[in-house]
Amino acid sequence: MTNVTFDVETVRAAYPALRDGYAYLDGAAGTQVPEAVIDTVAAAARGGIGNAGGAFPASHRATAIVNGCREAVADLVGGEAAGVILGPNMTTLTYRLAGTLADTWGPGDEIVVSRLDHDANVRPWLQAAARAGVTVRWAEVDISTGELPAEQYATLVGDRTRLVAVTAASNILGTRPDVAAITAIAHQVGALTYVDGVHATPHVPVDVHALGADFYATSAYKWSGPHIGTVIADPALLDTLHPDKLASSPDTIPERFEYGTPAYADLAGVTAAVDHLASLGGERFGTRRERILASMTTVHDYEQALFDTLLGGLNALSHVTTYGKAAHRTATAYFNVHGRPPAEVAAYLAEHRVNVWHGHNYAWELTGVLGLRDSGGAVRAGLVHYNNRHDVDQLLTAVAALAA
Ligand SMILES: Cc1ncc(COP(=O)(O)O)c(C=O)c1O
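Note that the coordinates shown come from a computational prediction; the quantities given were computed from them, not determined experimentally.

A.B. asks: Is there a simple way to think about the site of the ligand in this case?
C.D. replies: Around the ligand sit Asn89, Met90, Thr91, His118, Ala120, Asn171, Asp196, Val198, His199, Ser219, Tyr221 and Lys222, and those are all the residues in its vicinity. One of the side-chain N or O atoms of Tyr221 is found 2.4 Å from an oxygen atom in the ligand. Here the ligand, which alone exposes 400 Å², has 90% of that area covered by the protein.

What follows is the structure in C-alpha cells.
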C-alpha cells in the first residue's frame, strides 16, 4: 500500500461524461476523458496549430506538442522520449512494426505468439511471418486458471527465435503473465520482445526496462486520453530498422516510423491525460515519473479492492459463471449468465444503465480455446480508477435480478 490517498469522488467530478447516471464498466474498451484533457485539446485548436517544422509560431506550437507528448508517454512507461512512436492506435503501429521487423527475418526463423493475447498482437505477426516463411510457435493458456505459464517459453524459444510477442495483461480475463520472466528467456537467444501494454497500462505502474520490453505498445484512449496509440522502444534499436516511408518524409528516429500528419490537438490531450494520471495519487512533489509511479500504485490498490467486491458478488450468484482466476490480474471480469446470450445480457444491462462489453472482444484465440467464441463470448465488466462502489452495486443488482 502507498501513503497517498485516493478520493474517487473527486476524481469522478473531473469526468463530465460520468454524470449521466450510467455505470461505465466499459473502460477496457475505452475510457472517458477528464475535463483537463477536453480543455487541452480545445485550447490547442483554439490557439492555432500549423504543421510542425515550419518557420511560424503556430508551427512551433505543433512541434512543442509532439515533443511534449513523447516526453509524457516516456514518463508514463519509463522509456525514452526519443523512442516514442506516435500513431492512430496500437493495431496500426503493430502492423507497421511487424512488416518492418519481418524484412529482417528469413525462412527457418521463428517467432512466438500467445493465445492469451488480443488479436492485434497476434495476427500482424502471423501474417508477417507467413510472408517471410517464418515458423510460428504458440504459447498456450491454462484454461482452468487463465494463466500463461512462463516456463513453457523455455521450450518454445530457440536459436532461431527472432521475436516473442506477449501481452502484459489479457483484455478479457485480466491475466497479467510474468512478462519479465518471458522476455528474459527471449533475450537469452537474442530475440526481440514486443509487449502489448494496451490493457495493462491503465491498471499498474509500468517500467518497460523491468518488463524487458524491446517494444511496448499502449493506447491513450484506455487511460483517459484521446484516440492515439504509441509504441515505445530504445532509439538505438529503432535506428537499426527501416520501415517503408516516403522519399520526402524525415528519416530520423522516431519520425520515420510515423506516417503523414499527426492529430496534433489530440497529442496535446495525451500529455494532459498523463498529467491527470500523475495527479491521481495526490502527490504534489517529485518528478512526473515519480508521481505516476505513486499514482498507479494507488490506482492498482484501489481497483483491486473494488474488484474483490465485483468478482465476489458475481461469484456468489449461482446463475453466473466467471472466467479466469489468475494470481495477478487487472480488475476485469468476464462472465456469462446461465441460459442467456451475452448480447442479451449486455442489452439488458444497458437498459439498467450499466455499460459493459460482450463478445470475443478481439481476444480471438483465447475465446476460441475457452470454447466461448462460437457462442457469442461472454460479458466483460472492467474497472478503472474512476469507477466506484455504486457502479459495482448497479451491475450486481441488475445481474442478480436475472436469476431464474
Ligand atoms: C489488449 C489490447 N491490445 C490491443 C488492442 C488494440 O488497440 P487499438 O485499438 O489501439 O488498436 C486492444 C484494444 O481493445 C487491447 O485491449
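A.B. asks: Honestly, the pairing of strand β5 (residues 161-167) in this entry has me stumped. Any pointers?
C.D. replies: Side chains on a regular strand alternate between the two faces of the sheet. Summarising burial for β5: six of the seven residues are buried, a large majority. For strand β3 (residues 110-114) and β5, the ladder comprises three bridges, and the chain directions are parallel. Following the sheet pairing, Glu110 is matched in β5 by Thr161. Examined bridge by bridge, β5 and strand β6 (residues 192-196) share five bridges and lie parallel to one another. From the neighbouring strand, Leu163 faces β6, where its bridge partner is Leu192. Regarding the hand of the β-α-β motif, the stretch spanning β5, helix α7 (residues 179-188) and β6 is right-handed.

A.B. asks: Got a minute to help me understand the pairing of strand β13 (residues 378-382) in this structure?
C.D. replies: Counting buried positions along β13 yields five of five residues, so the element is predominantly enclosed. With four bridges connecting them, strand β10 (residues 332-337) and β13 associate as antiparallel partners. Opposite Ala333, over in β13, you have Ala381 as the bridge partner.

A.B. asks: Hey, could you run me through the pattern of salt bridges in this one?
C.D. replies: It is possible for side chains of opposite charge to pair when their charged atoms get near one another. Under the criterion given, the structure shown has 18 salt bridges. The residue Arg12 makes a salt bridge to Asp391 at a minimum N-O spacing of 3.1 Å. Of the two residues, Arg12 sits in helix α1 (residues 8-13) while Asp391 sits in helix α14 (residues 389-400), which places them 379 residues apart along the sequence. Arg12 gets classed as buried once you look at its relative accessible area, which sits at 13%. Across the pair Asp75 and Arg288 runs a salt bridge, and its minimum N-O distance is 2.8 Å. Of this pair, Asp75 sits in helix α3 (residues 57-77) while Arg288 is found in helix α11 (residues 288-315), placing the two residues 213 residues apart along the sequence. Overall, Asp75 belongs to the partly exposed group, its relative accessible area being 22%. Its relative accessible area of 17% is what places Arg288 among the buried residues.

A.B. asks: In this structure, what is going on with the sheet that holds strand β12 (residues 357-359)? I would like to understand it.
C.D. replies: Sheet strands line up and pair through hydrogen bonds in the backbone, either parallel or antiparallel. The strand order β9-β10-β13-β12 describes an open sheet built from four strands, whose pairing is antiparallel. Looking at the sheet topology across the chains shown, the edges are occupied by β9 (320-322) and β12. The mean angle between the axes of side-by-side strands here comes to 30 degrees, regardless of whether they run parallel or antiparallel. Where α11 meets the sheet, it contacts β9 and β10, and its direction lies at approximately 15 degrees from that of β10.

Scoring rules and cut-offs
- Residues numbered from 1 in each chain as written.
- Predicted model: local features only at pLDDT ≥ 70, side-chain atom pairs only at ≥ 80, totals over all residues.
- Heavy atoms only, no water.
- Near = heavy atom within 4 Å.
- Polar contact = N/O pair within 3.5 Å; in protein donor to acceptor, adjacent residues only side chain to side chain.
- Areas by Shrake-Rupley, 256 points an atom, 1.4 Å probe, with all protein chains shown as cover.
- Buried < 20%, exposed > 50% of the residue type's maximum accessible area, 1.4 Å probe, protein only.
- Helix = DSSP H or I, 4+ residues; strand = E, 2+ residues; numbered from the N terminus.
- Pairing = 2+ DSSP bridges.
- Right-handed = clockwise from strand over helix to strand, strands pointing away.
- Salt bridge = Lys/Arg side-chain N within 4 Å of Asp/Glu carboxyl O.
- Axes fitted to C-alpha atoms, helices over the stretch in contact; angles between N-to-C directions.
- Contact = heavy atoms within 4.5 Å.

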